[in-house]
Amino acid sequence: MDLHLLAAEPIAEERDAIDRFLGSAAGGWTGGERTSTDHHTASGGHEARDQRYLLLPALRALQARIGWISEGGLNYICERLTIPPADAYGVATFYALLSTTPRPPRVVHVCDDIACRTRGADRLCDELEKSAGQDGWLRSPCLGLCDQAPAAFLTEAGPEPVELLFGGATAASITSVLKGDYAPAKQPHPVLPQKGSQELRLLRRIGVVDPSSFDDYRAHDGYEALAKAALLGPDGVRKEITDARLAGRGGAAFPTGRKWDAVSLQPERERYVIANADESEPGTFKDRVLMEGDPFALVEAMTIAGYATGAERGFIYLRGEYPLARERLQHAIDEARRNGVLGESVHGLGVRFDIELRVGAGAYICGEETAIFNSIEGYRGEPRNKPPFPVEAGLFGKPTVVNNVETLINVLEVLHLGGARYAETGSGISTGPRLFCLSGSVQRPGVYEVAHGTSLRDLIALAGGVAGGRELRAVLLGGAAGGFIRPDEIDMPLTFEATRAAGSTLGSGVVMLFDDQVNLVDILRRIAAFFRDESCGQCVPCRVGTVRQEEALHRILAGKPIGGVATERALLEEIGLAMKDASICGLGQTAYGAVETAMKRLGLFEEASAS
Ligand SMILES: Cc1cc2nc3c(=O)[nH]c(=O)nc-3n(C[C@H](O)[C@H](O)[C@H](O)COP(=O)(O)O)c2cc1C
Ligand code: SF4
Ligand code: FES
């Protein structure tokens, strides 16, 4: 695309899509009709630049209406927000769901990632290639619906855009959807194997409460935690969280109390709370289940986080492939406002707190906490260097709490039990309940809630064991950024400390099973392709290392290793070490994890190396 866009004009539909989102232009300085006052006074510069954070939603609005982002459309957004076109083009090309080349209005994104591969996604894509050709569908990384694999995501652009995430996809169902029959894509979510169990805490309302009803939420203990928070006061709430020893569920297991204390101690008064709902780690879908099934709980928990840390504004950063969660969360936010528990003066707390829903556009890296800031602010979703840490200088340079959705839902449980009692649940330093996403070759895939300390064996048994009674070959624990476990290691208790001692991680709660029929080298290659594709490219070890890693696996898979498999193994180790040591962020640092554990724990390539 030519970067000098100034001559390109939007078509009427593009202009309308952008005006509907941004409102009409005030004058000629911001893309509207030139008026006589425009000749005398310049306006729009600073004001419009302050609107930079509207760039991503404006691009999404254009994509949703037209199906792609043309030069004219992009140019008009740039005029409206006074952003240089080259800069905005850099943002538009960062996200997989946005297209800067023409795309048909109706597109199905078909997941060919690791959990869906165990359920025939690759065959499905081959069939589609034969029956539907290349038009109207695209291969996609994990869509967060691994429990209903193979998964697909429909987007239809137009004045009334349609988005549907659906499971159990077949070549026939996708072909129907491509022809405009959406019946196969209209499916109930979420599905919960433990629905109604008395032992559930985090999931207890899922499938029980009406997710669209504020009154029903209240009838199921909703807003009791907020009432307790009001009695405790901000310092008291933070003390309970610290006493509970609540650790983050987003992957890094950072103590939530310390994070909240650090923000509350900052001299800067403008502060933010962000619920990290980006959930794009392959195999992870627990946050989707929470948001689809119990959206008011996240709104309540964020309000408490705002109260405890002195923040008046919160953002939910939601991945773009969760349309149902988006609809339900937006409704919950609106209802909470209408009922006075969100907005200018939160009932019971007497403070101001409001939430804005921000929707991503297909970029795994935007789940990294500092990349979220850039994405919300309207820049490419590239991680920032730390320090400064988000608690000091986060969103818009202000102190910011970033917490995973499941972490925030635990806040309600901490206030319900009290910090000390919560700390007695779970095991050792791993307090409280934990959600795990079971997928792959498992009998009953889904999100399961167990206490920390439950063994991996018991968790797998809870989900019905290996599908079809076949033999277990390996378990991927913690996600693509985690690592593999052997079948003889599954008595490991699921705690932060036990998995760490075993050189593994709970990560984002992924437990993906692979039976003895799965081609693990192909799975590794797909994981490597994922990291290569999702690397933001900002630092060399990750940008180059993820490419080289994938290439080596390709060669091994194709039976054409350079210098033999042992040489390729040594190369993979060297690349992995460089990525771990020298990458800026967690993506590059963990991109070798699955490959390393497959080689060192599962002994993959050993036979081939010996021969
Ligand atoms: C590449 C990358 C992607 C991440 N994606 C997510 C995500 O989707 N959701 C999430 O909660 N944390 C994600 N994280 C972790 C966040 O950076 C951060 O640690 C977390 O949101 C903090 O919340 P917690 O303390 O409640 O876990 C990701 C980290 C990296 C490096
Ligand atoms: S490690 Fe990878 S994803 Fe992270 S900043 Fe560097 S290039 Fe970007
Ligand atoms: S939805 Fe396909 S791997 Fe997760």
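Residues numbered from 1 in each chain as written. Chains lettered and ligands numbered in written order. Predicted model: local features only at pLDDT ≥ 70, side-chain atom pairs only at ≥ 80, totals over all residues. Heavy atoms only, no water.

Let us now look at the domain arrangement of the chain. We note that the domain assignment places domain 1 (12-92), domain 2 (106-184), domain 3 (214-424), domain 4 (430-515) and domain 5 (520-610) within the chain. In this structure, domain 1 and domain 3 have C-alpha centres spaced 31 Å apart. Facing the 9 residues of domain 1 at the interface are 16 residues of domain 3. In this assembly, domain 1 packs against domain 3 so that about 930 Å² is buried in total across both faces, 52% of it on carbon and sulfur atoms. The largest contributions to the domain 1 side of the interface with domain 3 come from Tyr53, Leu56 and Arg60, which together make up 62% of the buried area. For the pair domain 1 and domain 3, the interface holds 0 salt bridges. (Domains from an automatic or database assignment. Contact = heavy atoms within 4.5 Å. Buried area = accessible area lost by both parts, 1.4 Å probe. Salt bridge = Lys/Arg side-chain N within 4 Å of Asp/Glu carboxyl O.)

For the rest of this paragraph, the subject is the site of ligand 1. Surrounding ligand 1, one finds 19 residues, the nearest of these being Gly250, Lys259, Glu279, Asn404 and Thr407. Asn276 has a polar side-chain atom sitting 2.9 Å from an oxygen atom of ligand 1. For ligand 1, an oxygen atom lies 3.5 Å from a polar atom in the backbone of Val402. Across the complex, the protein chains shield 89% of the 610 Å² of accessible surface that ligand 1 would expose by itself. (Near = heavy atom within 4 Å. Polar contact = N/O pair within 3.5 Å; in protein donor to acceptor, adjacent residues only side chain to side chain. Areas by Shrake-Rupley, 256 points an atom, 1.4 Å probe, with all protein chains shown as cover.)

Next up on the list: the packing of aromatic side chains. Here the structure, examined in full by the defined rule, presents 12 aromatic pairs. Each ring, one from Tyr364 and one from Phe531, has its centre 6.3 Å from the other, and the planes form 65°; the classification is edge-to-face. Taken together, the positions of Tyr364 in the loop between β7 (354-359) and α15 (369-377) and Phe531 in helix α20 (residues 520-534) put the pair 167 residues apart, joining distant regions of the chain. Comparing Tyr364 with Phe531, the two get one shared label, buried. For the pair Phe530 and Phe531, a centre-to-centre distance of 5.5 Å together with 75° between the ring planes defines the contact as edge-to-face. Phe531 matches Phe530 in its accessibility class, with the two residues each being buried. (Phe/Tyr/Trp six-rings, centres within 6.5 Å; stacked < 30°, edge-to-face > 60°. Helix = DSSP H or I, 4+ residues; strand = E, 2+ residues; numbered from the N terminus. Buried < 20%, exposed > 50% of the residue type's maximum accessible area, 1.4 Å probe, protein only.)

Okay, the sheet that holds strand β12 (residues 446-451) next. Within a sheet, adjacent strands bond to each other through the backbone by hydrogen bonds, running parallel or antiparallel. Within the open sheet, the 5 strands sit side by side as β12-β11-β15-β13-β14. Their pairing is mixed. The two strands at the open ends of the sheet, each matched to only one other strand, are β12 and β14 (483-485). Across the sheet, the mean angle separating the axes of adjacent strands is 30° when strand polarity is ignored. Inspection of the sheet shows strand β13 (residues 472-477) paired to strand β15 (residues 510-515) by 5 bridges, in the antiparallel sense. Paired with Ala474 across the strands is Phe514, a residue of β15. (Pairing = 2+ DSSP bridges. Axes fitted to C-alpha atoms, helices over the stretch in contact; angles between N-to-C directions.)

We now examine the packing of helix α11 (residues 256-264) against helix α13 (residues 295-309). Axis separation between α11 and α13 bottoms out at 8 Å; the angle between their running directions is 50°. Looking at the two axes, α11 sits oblique to α13. Counting all contacts with α11, which are made through Trp260, Val263 and Ser264, the residues of α13 involved are Ala305, Ala308 and Thr309. Class assignment for the residues of the contact of α11 with α13 results in 4 nonpolar, 2 polar and no charged. (Parallel < 35°, antiparallel > 145°, perpendicular 65-115°, else oblique. Nonpolar A, V, L, I, M, F, W, Y, C, P; charged D, E, K, R; others polar.)

Let's shift gears to the site of ligand 2. Neighbouring ligand 2 are 13 residues; Cys536, Gln538, Cys539, Cys542 and Cys585 lie closest to it. Residue composition of the shell around ligand 2, by class: 8 nonpolar, 5 polar and no charged.

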